[in-house]
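Coordinates in review
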Amino acid sequence: MASLSQLIAKPATFSLSSPRTSSGLKPRRAAVQRVSCASSSGGERSEPGAPKHDRRDVLLGLGALGASAAAAGVLSPRRAGADPIATPDISTCGPADLPPSANVLTCCPPPSNALPVDFAPPDASSPLRTRPAAHSAGADYVAKFNAAIAAMKALPADDPRSFAAQASVHCAYCDGSYSPEGFPGAELQVHNSWLFLPFHRCYLYFFERILGSLVGDPSFGIPFWNWDAPAGMRMPPMYTDQSSQLFDPRRDARHLPPELINLDYNGREPLFTDRQQIDHNLRVMYRQMISLSPTPSLFFGSPYRAGDEPNQGPGPVENIPHGPVHIWCGDPRQPEREDMGNFYSAGRDPLFYAHHANIDRLWAVWKGLDARRHTDLADPDWLDASFLFYDETPKLVRIRVRDVLDTDRLRYRYQDVPLPWTTARPRTLTQRVESSPSSFLTPTALAAGAAKKAAGADKFPITLDEATSVTVRRPVASRRSKAEKAAKEEVLVIDGIEVDSDVAAKFDVFINADDHSAVGSGGRELAGSFVNVPHRRQHGHSHGKNGRGIRTKLRLALTEQLEDLKAEDDESIMVTLVPRQGKGKVKIGGVKIELMR
């Protein structure tokens, strides 16, 4: 059985073919002189005769000018050359859009009297931190981790290293406190795009360094919640001890051990036995990590560039299991399912950091599954996107995506654990279930599966208030060769998804399923799902016609699924959208199939 050390590969890069924004339109630009994008790590794009400046400092300087000029209505937001999401100016951090039940006044970090410094990786001779699987950590490790969290919680809230300040980092970047530098009227959002994985890697890196410094151990590594393997599919014991610094009372009491996690959770408790739940989880992991993640552009999520609306589209792992794990942990007795069930409060639960450490680990695992195709992106707008964090000194640090692609360079790695989901390929179950109803489903669920409405392509947009099917024409109507499949992936695009950002929502997408409820656990007809974890948007941001809502899209790779369903020669496929959570609160703009590199 494969493990991380066998799979992990050295960082490589993949180039997106189009310099356009994800909307397909050229970026909106003001008429400004082109500035070269030189940086210490190399790579420069310039025009003949253009003056050479460090683009990051130019953008920081433009921030104050842009804010005042935009307020006066005399200047559009400016760009300098490329279009990465630029470092936010924390001095302009505004109030997050928090729910009425929130008991925090601000998500903004303590102010800094000094300009941010550029990130410098740790010395190659510094200790290598090993992040252990939480369920197997020994007593000495748990005691040290408790001491580190206790020391962090003991710091005053205005210390950027404090637990309160660290928890607020997620709120500020995810609930509308920041605007991208140079775009004072826009919202900065690190979810639902290609920023998701690198932002959280940066976040965990500094969180871990602060903990290590507080206990005087530079080799200390935070644990990861190994929910993708059977041994780790329960909430780790170190987090459920009520006398522990790692305990959070605002969790779903129904999901404490020995309850197994449901990686596809939709707000309802499944009727699975433990064995069925484990099988279901492993097939979910295969679908998200392998079937739906054949290329970097699909795995990381949609491009999000300066000037774009946020929420351009999540990658498969951000959707599931990331989203359902958040909601599964959150306390349904709380108004907004705090803590883990809402982005503004998620960082208050120590379990959050173990959850995201496993997400970060899966990035490394994915790269090792296919070292040739599974590479990091090479788009400079991704590589040069930047964030601000306080380090353990505490000093304000500007860190870019390109700084965090190599975990060995960051001096941490993960404990080796098995990867049983790599062989859990979903099965085509519909025909078998039609003659013998699945034991996984109640008669009510079976009856509901047959009740659905049909929608023609010209009937969109629709409100997803019941299961809805639409026939979608494929861009190719014949079996493609292996080389053609390797060159371009066939991708189902659910476009124009609209939902209020503070609504917990989930819908499933089925392919060629006459009765979607008969698909059962781990069925191949289930192509994927969309999940929205509740969060808010800043009051002061210009939301356009969407108001508090988000507008995004879901991209699902189809090539492997069409092979298994023996549908490669079909001219069209039947797509069924089934609301699971937030019924009647999600709108769909359209459904299409595209060929993507």
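These figures come from a predicted structure and were not determined experimentally.

Focus on the confidence of the model for the chain
Chain-level statistics for the chain give a pLDDT mean of 82 and a share of 79% at 70 or above. Scored below 50 in pLDDT, residues 7-81 makes 135 contacts in the model with residues more than four places away or belonging to other chains. For the stretch residues 431-451, pLDDT sits under 50, and the model shows 26 contacts to residues farther than four places along the chain or on other chains.

Quick look at the pairing of strand 6 (residues 396-400)
Taking burial as the measure, the five residues of strand 6 include five buried ones, the bulk of the element. Relative to strand 6, strand 2 (residues 117-118) is paired through two bridges, and the arrangement is parallel. Bridging across to strand 6, Asp118 finds its partner in Arg398. Note that strand 5 (residues 386-390) and strand 6 share five bridges and pair antiparallel. The partner of Phe389 across the bridge, within strand 6, is Val397. Counted along the chain from strand 5 to the antiparallel partner strand 6, the turn is five residues long.

Some remarks on the packing of helix 4 (residues 163-174) against helix 5 (residues 196-214)
Two elements in contact, helix 4 and helix 5, have axes separated by 11 Å at closest approach and are oriented at 165°. On the basis of the axis angle, helix 4 is roughly antiparallel to helix 5. As for how helix 4 packs across helix 5, the hand of that crossing is right-handed. Facing Gln166, Ala167, Val169, His170 and Tyr173 of helix 4, the residues of helix 5 in contact are Phe199, His200, Tyr203, Phe207 and Ile210. For the contact of helix 4 with helix 5, the residue count by class is seven nonpolar, three polar and no charged.

Re the sheet that holds strand 6
In space, the three strands of this open sheet follow the order 2-6-5, with mixed pairing throughout. Edge positions in the sheet fall to strand 2 and strand 5, since each of these pairs with one other strand and no more. The strands touched by helix 5 within the sheet are strand 5 and strand 6, with strand 5 carrying the most contacts at an inclination of about 15°.

Observations regarding the packing of aromatic side chains
Following the criterion strictly, the structure yields 31 aromatic pairs and no others. Judged by centre distance (5.9 Å) and plane angle (20°), the rings of Tyr173 and Phe389 are stacked. Remark: Phe389 occurs in strand 5 and Tyr173 occurs in helix 4; sequence separation between them is 216 residues. For the pair Tyr173 and Phe389, one class covers both residues: buried. Aromatic side chains Trp225 and Trp328 sit 6.3 Å apart centroid to centroid with 45° between the ring planes, which places their arrangement in the tilted category. Placement of the pair is Trp225 in the loop between helix 5 and helix 6 (274-291) and Trp328 in helix 8 (residues 316-329), with a sequence separation of 103 residues. Trp328 matches Trp225 in its accessibility class, with the two residues each being buried.

Considering the state of the cysteines
Enumeration over the complete set of coordinates arrives at two disulfides. In this model, Cys93 is linked to Cys108 through a disulfide, with the two sulfur atoms separated by 2.1 Å. Between Cys93 and Cys108 the sulfur-sulfur dihedral comes to about -90°; the bridge is accordingly left-handed. In this pair, Cys93 sits in the loop between helix 2 (55-72) and strand 2 while Cys108 sits in the loop between helix 2 and strand 2, placing the two residues 15 residues apart along the sequence. Disulfide partner of Cys107: Cys171, at an S-S distance of 1.8 Å. Between Cys107 and Cys171, the S-S torsion sits near 60°, and that sign places the bridge as right-handed. Of this pair, Cys107 sits in the loop between helix 2 and strand 2 while Cys171 sits in helix 4; the two residues are 64 residues apart in sequence, bridging distant segments of the chain. Of the two residues, Cys107 and Cys171, both sit in the buried class.

Quick notes on the pattern of salt bridges
In the structure shown here, the tally under the stated rule is 43 salt bridges. For Glu392, the salt bridge is made with Arg209, and the minimal N-O distance between the two is 2.9 Å. A residue pair is termed long-range when its members are at least 10 positions apart, and Glu392 in the loop between strand 5 and strand 6 and Arg209 in helix 5 qualify at 183 residues. We classify Arg209 as partly exposed; its relative accessible area is 25%. The partner of Asp495 in a salt bridge is Lys592, with the nearest N and O atoms 3.8 Å apart. Residue Asp495 is located in strand 11 (residues 489-500), and its partner Lys592 is located in strand 17 (residues 590-596); the two are separated by 97 residues in the primary sequence.

A few points about empty space enclosed by the protein
As enumerated under the stated definition, the model contains eight cavities of 30 Å³ or more in all. Lining the largest cavity are 16 residues, with Pro109, Val169, Leu388, Phe389 and Tyr390 positioned closest to its centre. Mapped onto the lining of the largest cavity, the elements with two or more residues apiece are helix 4 and strand 5. Partitioning the lining of the largest cavity into residue classes produces 14 nonpolar, two polar and no charged. The computed volume of the second largest cavity comes to approximately 90 Å³. Taken together, His191, Asn192, Pro314, Glu318, Asn319, His322, Gly323, Phe343, Val531, Asn532, Val533 and His535 form the lining of the second largest cavity. Sorting the residues of the lining of the second largest cavity by element identifies helix 8 and strand 13 (526-532) as the ones contributing at least two each. Looking at which element gives the most residues to the lining of the second largest cavity, the answer is helix 8, with four residues. Split into classes, the residues belonging to the lining of the second largest cavity amount to four nonpolar, seven polar and one charged.

Cut-offs and rules
Residues numbered from 1 in each chain as written. Predicted model: local features only at pLDDT ≥ 70, side-chain atom pairs only at ≥ 80, totals over all residues. Heavy atoms only, no water. pLDDT = per-residue confidence, 0-100. Contact = heavy atoms within 4.5 Å. Buried < 20%, exposed > 50% of the residue type's maximum accessible area, 1.4 Å probe, protein only. Helix = DSSP H or I, 4+ residues; strand = E, 2+ residues; numbered from the N terminus. Pairing = 2+ DSSP bridges. Axes fitted to C-alpha atoms, helices over the stretch in contact; angles between N-to-C directions. Parallel < 35°, antiparallel > 145°, perpendicular 65-115°, else oblique. Left-handed = near helix turned anticlockwise from the far one by under 90°. Nonpolar A, V, L, I, M, F, W, Y, C, P; charged D, E, K, R; others polar. Phe/Tyr/Trp six-rings, centres within 6.5 Å; stacked < 30°, edge-to-face > 60°. Disulfide = S-S within 2.5 Å. Salt bridge = Lys/Arg side-chain N within 4 Å of Asp/Glu carboxyl O. 1 Å grid on protein atoms, 1.4 Å probe; cavity = no way out; pocket = protein on both sides within 12 Å on 5 of 7 lines; lining within 4 Å. Points joined across faces, edges and corners; volume = space filled by probe spheres on them.

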